[in-house]
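# Structure assessment
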Amino acid sequence: MTPRTRPPSCICPNCNGFASSAVTLGGRDRHGHLRTITAHCPACHGTGTARRSIAREGARA
């Protein structure tokens, strides 16, 4: 018997699963390191997955 597998998570359509990225601010600090900030996807809040929505047709009578 094969082990049960979890259903694949739904990838965020806005960021395509790449939820966080490092963005350079341009320039370097006094130690020579690039100054960066971390930007998160506003739709999935940095998780890379989206909620599954079940479309129910005809649910209202």
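Further up the page is the structure itself.
Attention in this report is confined to the structure presented alongside it. A quick note: this is a predicted structure, and the numbers were derived from the prediction, not measured. (Residues numbered from 1 in each chain as written. Predicted model: local features only at pLDDT ≥ 70, side-chain atom pairs only at ≥ 80, totals over all residues. Heavy atoms only, no water.)

### Brief notes about the overall build of the protein chain
Selection criterion: Strands here are runs of E lasting at least two residues and helices are runs of H or I lasting at least four, both read from the DSSP assignment and numbered beginning at the N terminus. Exposure classes here rest on a 1.4 Å probe applied to the protein chains alone. A residue is buried below 20% of its type maximum, exposed above 50%, and partly exposed in between. We call two residues in contact when some of their heavy atoms are within 4.5 Å. Accessible surface area values rest on a Shrake-Rupley calculation with a 1.4 Å probe, where residue burial reflects the displayed protein chains alone.
Counting its secondary structure elements, the protein chain contains 0 helices and 2 strands. Within the span of the protein chain, comprising 61 residues, buried residues form 10% of the whole. Excluding contacts between residues fewer than 6 apart, the proportion of contacts in the protein chain whose partners are at least 24 apart in sequence is 50%. Summed over all atoms, the accessible surface of the protein chain reaches about 6000 Å², with 52% contributed by carbon and sulfur.

### Thoughts on the environment of Thr-38
Assignment of secondary structure puts Thr-38 in strand E2 (residues 34-40). A relative accessible area of 55% places Thr-38 in the exposed class. Along the sequence, Thr-38 and Val-23 sit 15 residues apart, while their C-alpha atoms lie 6.2 Å from each other. Not counting residues up to four positions away in its chain, the partners in contact with Thr-38 are Ser-20 and Ser-21.

### Some words on the environment of Pro-42
Note on placement: Pro-42 falls in the segment after E2. Of the residues examined, Pro-42 reaches a relative accessible area of 70% and is grouped as exposed. Between the C-alpha atoms of Pro-42 and Ser-20, which are 22 residues apart in sequence, the distance is 9.9 Å.

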